[in-house]
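Examination of the molecular architecture
Next come the chains, spelled out residue by residue.
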Amino acid sequence: MTNETAWRIYGSELSPYSLKVRAYFHYKQIPHEWIIRSQDRMEEFQSYARLPLVPLVVSPTEEAMQDSTPIIEKLEQRFVEPALQPTDPVSAFVSLLLEEYGDEWVNKPMFHYRWSREADQESAAGRLAVDMLGPGANEEALSGLAAVIKERMVPRLSFVGSNEGTAPIIEESFATLTSLLETHLAERPYLFGGRPCMADFGIAPQLYQCLTDPTAGGLLRDNSPAVTAWCERMLTPKVGGKFETWDALAATLEPLLAKELAAVFLPWSTANAVALARGDEKFEVELNGRPFVQQTQKYHARSLAVLKQKYADAAEQADDESMLTPLLKRSGCLDWLAD
Ligand SMILES: N[C@@H](CCC(=O)N[C@@H](CS)C(=O)NCC(=O)O)C(=O)O
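Residues numbered from 1 in each chain as written. Predicted model: local features only at pLDDT ≥ 70, side-chain atom pairs only at ≥ 80, totals over all residues. Heavy atoms only, no water.

**Here's the deal with the overall build of the protein chain**
Defined as follows: Numbering of helices and strands runs from the N terminus, with a helix taken as a DSSP run of H or I at least four residues long and a strand as a DSSP run of E at least two residues long. For this measure, only C-alpha atoms enter the radius of gyration; the expected value for a globule follows 2.2 Å times N^0.38, where N is the number of residues. Only protein chains enter the accessibility calculation, which uses a 1.4 Å probe; a residue is then buried when its area is under 20% of its type maximum, exposed when over 50%, and partly exposed in between. In this analysis, two residues are considered to be in contact whenever any of their non-hydrogen atoms come within 4.5 Å of each other. Calculation of accessible area relied on Shrake-Rupley with a 1.4 Å probe; when residues are assessed, cover is drawn exclusively from the protein chains displayed.
If you tally the helices and strands in the protein chain, you get 14 helices and six strands. For 339 residues, the compact-globule formula gives about 20 Å, and the C-alpha radius of gyration of the protein chain, at 20 Å, lands near that figure. Relative to its 339 residues, the protein chain shows a buried fraction of 52%. Of all intrachain contacts in the protein chain linking residues separated by at least 6 positions in sequence, the fraction that spans at least 24 positions is 72%. When the accessible area of the protein chain is evaluated, it comes to approximately 15,300 Å², of which 53% is carbon and sulfur surface.

See below:
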């Protein structure tokens, strides 16, 4: 028998993608059980998971799902209200574009700030150890596990492309994003107005993780009170009003498309995809005049291809009068999205 209360989310409080999916469940008011993937629950987690990644969602009929964007897209077919996307085609595509930027790029400043400096490493490793062993575990076990986690996570900075040379680019990107968002969110509770959409689910959980870390959290609290409040609001987002029209949003969202998507995220993602197609293990791309060097990553290339397909579909659906293509052209995004 199907039990609608039996949806399960295996996740971690320190995983942005887990909080993204949990926020979606709250927004759609889908009854669910939030299960921290602790050592106690690892065997159970592994019996469903194809990949050793959280979040993992298990449906009432025992269907296991991974990867936050496909999870949400699948659930959208079943839980249609409240609508997740604006109906206007320009806003709808920009929302998808920003979700992708959140998942694939904003994760970099999140990961970089969390694992680069000693105070942040200690904080995150300590909290992850509590997640794994439970708050009742003894001090010695917790500090032993925290040390192991730290040793495992710090070298992973290289996977996200964080190193001495790229640190200033990543930190500048965080500053640009949070300052542009601060202006935008000072006027509205969610990115597209009175209710959240895909863009909010993509970006806010990454920045929420930053908020829980000493260095990035300090920056956010000191400089970006509206962004801070939005990240907290996005833990359990609610319908508070309507989506605004693109005209009302454009003045403060277009600069984000130009300064972050067109100047940083899309050139970086494209360079990764081009290098992978050539069979290279590393790539270098100039971002805002400085070299960014990273190992190639297959996942990003696949998700860029999906994004380009979404743009092709949106452009085909839009009529000749659509503002979408001119907007993407004006902001410098079009060349990266259209083949
Ligand atoms: N694209 C995936 C990314 C999931 C992911 O990277 N999860 C991380 C935590 S945020 C993870 O599980 N890392 C391995 C681990 O924590 O054991 C999604 O959107 O769900």
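**Here we look at the site of the ligand**
Defined as follows: Throughout, near means a residue has at least one heavy atom within 4 Å of the molecule or strand. We call two N or O atoms a polar contact when they sit within 3.5 Å, provided that within protein one can donate a hydrogen and the other can accept it, with sequence-adjacent residues counted only if both atoms are side-chain atoms. The nonpolar class holds Ala, Val, Leu, Ile, Met, Phe, Trp, Tyr, Cys and Pro. Asp, Glu, Lys and Arg form the charged class, and all remaining residues, Gly among them, are polar.
If you check the shell around the ligand, you find Ser15, Pro16, Tyr17, Arg37, Pro52, Leu53, Val54, Pro55, Asp67, Ser68 and Tyr299 and nothing else. In this structure, valine 54 approaches the ligand through a main-chain N or O atom, which is 2.8 Å from an oxygen atom. Within the side chain of tyrosine 299, one N or O atom sits 3.2 Å away from a nitrogen atom of the ligand. For the ligand, whose accessible area on its own is 510 Å², the fraction buried by protein is 74%. Counted by class, the shell around the ligand contains seven nonpolar, two polar and two charged residues.

**Let's talk about the state of the cysteines**
Heads up, the condition is: Disulfide: a pair of cysteine sulfur atoms within 2.5 Å of each other.
This structure, assessed with the given rule, holds zero disulfides. The closest cysteine sulfur to the non-disulfide-bonded cysteine 197 is located on cysteine 231, 15 Å from its own sulfur. Judged by its relative accessible area of 0%, cysteine 197 is buried. Between cysteine 231, a cysteine without a disulfide, and cysteine 210, which holds the nearest cysteine sulfur, the sulfur-to-sulfur distance is 7.9 Å. According to the relative accessible area criterion, cysteine 231 is buried, its value standing at 1%.

**Observations regarding the pairing of strand 2 (residues 32-36)**
Strand residues, when the strand is regular, have side chains that alternate between the two faces of the sheet. Here is the rule we go by: DSSP calls a pair of strands paired once it identifies at least 2 bridges connecting them. Clockwise travel from the first strand over the helix to the second, with the strands pointing away from the viewer, marks a crossover as right-handed.
Here strand 1 (residues 7-11) pairs with strand 2 via five bridges, running parallel. Bridge pairing links arginine 8 to glutamate 33 in strand 2. What joins strand 1 to strand 2 is helix 1 (residues 16-27), and the crossover it makes is right-handed.

**Describing the packing of aromatic side chains**
The criterion, for reference: Whether two aromatic rings pair depends on their centres lying within 6.5 Å, for rings of Phe, Tyr and Trp, where Trp uses its six-membered ring; planes under 30 degrees apart make the pair stacked, over 60 edge-to-face, and the rest tilted.
A complete count under the given rule lists 15 aromatic pairs for this structure. With centroids separated by 5.9 Å and ring planes inclined at 70°, the aromatic side chains of tryptophan 7 and phenylalanine 25 adopt a geometry described as edge-to-face. Here the residue tryptophan 7 occupies a position in strand 1, and phenylalanine 25 occupies one in helix 1, the gap between them amounting to 18 residues. Neither tryptophan 7 nor phenylalanine 25 differs from the other in exposure class; each is buried.

**Examining helix 4 (residues 89-116)**
Here is the rule: For a helix, the expected span equals 1.5 Å multiplied by the residue count minus one. The term bend refers to the angle at a residue between two fitted axes, each drawn through seven residues, those ending there and those starting there.
In a regular helix each residue adds 1.5 Å, so 28 residues correspond to 40 Å; helix 4 covers 40 Å between its end C-alpha atoms and thus fits that length. Remark: the principal bend of helix 4, roughly 40°, maps to glycine 102. Counting buried residues along helix 4, 26 of its 28 residues qualify, which places the element largely inside the surrounding structure. Sitting at the head of helix 4, aspartate 88 places a side-chain oxygen 3.1 Å from the backbone nitrogen of valine 90.

**Description of the sheet that holds strand 1**
As a reminder of what qualifies: Angles run from 0 to 180 degrees between N-to-C directions of axes, and those axes are lines fitted to C-alpha atoms, restricted for helices to the stretch in contact.
Taken together, four strands build an open sheet; the order of strands is 2-1-3-4 and the sheet is mixed. With partners counted over all chains shown, the strands left at the sheet margins are strand 2 and strand 4 (64-66), one partner each. Ignoring strand direction, the axes of neighbouring strands in this sheet form an average angle of 20°. Across three bridges, the pairing between strand 1 and strand 3 (residues 56-58) is antiparallel. Along strand 3, the bridge assignment pairs arginine 8 with valine 58. Strands in contact with helix 3 (residues 68-78) are strand 1, strand 3 and strand 4; relative to strand 4, the strand with the most contacts, it is inclined by about 130°.

**Considering the nonpolar core**
Stated precisely, the cut-off is as follows: Only buried Ala, Val, Leu, Ile, Met, Phe, Trp, Tyr and Cys residues count toward a nonpolar core, and they belong to the same one when joined by side-chain atoms within 4.5 Å. Where a domain begins and ends is set by an automatic assignment or by a domain database.
In this structure, Leu98, Tyr101, Leu181, Phe192, Leu207, Trp230 and Leu261 are the most contacted members of the largest nonpolar core, which totals 82 residues. Here this core gets 14 residues from one element, more than from any other, and that element is helix 11 (residues 246-278). Mapping this core onto the domain boundaries places at least three of its residues in each of domain 1 (4-78) and domain 2 (89-114 + 160-337). Excluding anything up to four places from it in sequence, leucine 181 contacts Ala186, Leu191, Ile203, Leu207, Val227, Trp230 and Leu256. Judged by nonpolar contacts, the second largest core, of 14 residues, contains Ala124, Ala125, Ala129 and Leu145.

**Structural notes on the side chain of threonine 228**
Relative to the helices and strands, threonine 228 is located in helix 10 (residues 225-233). Here leucine 220 takes part through its backbone oxygen, which lies 3.3 Å from a polar atom of the side chain of threonine 228. Leave out the neighbours within four places in its chain, and threonine 228 touches Leu211, Leu220 and Arg221.

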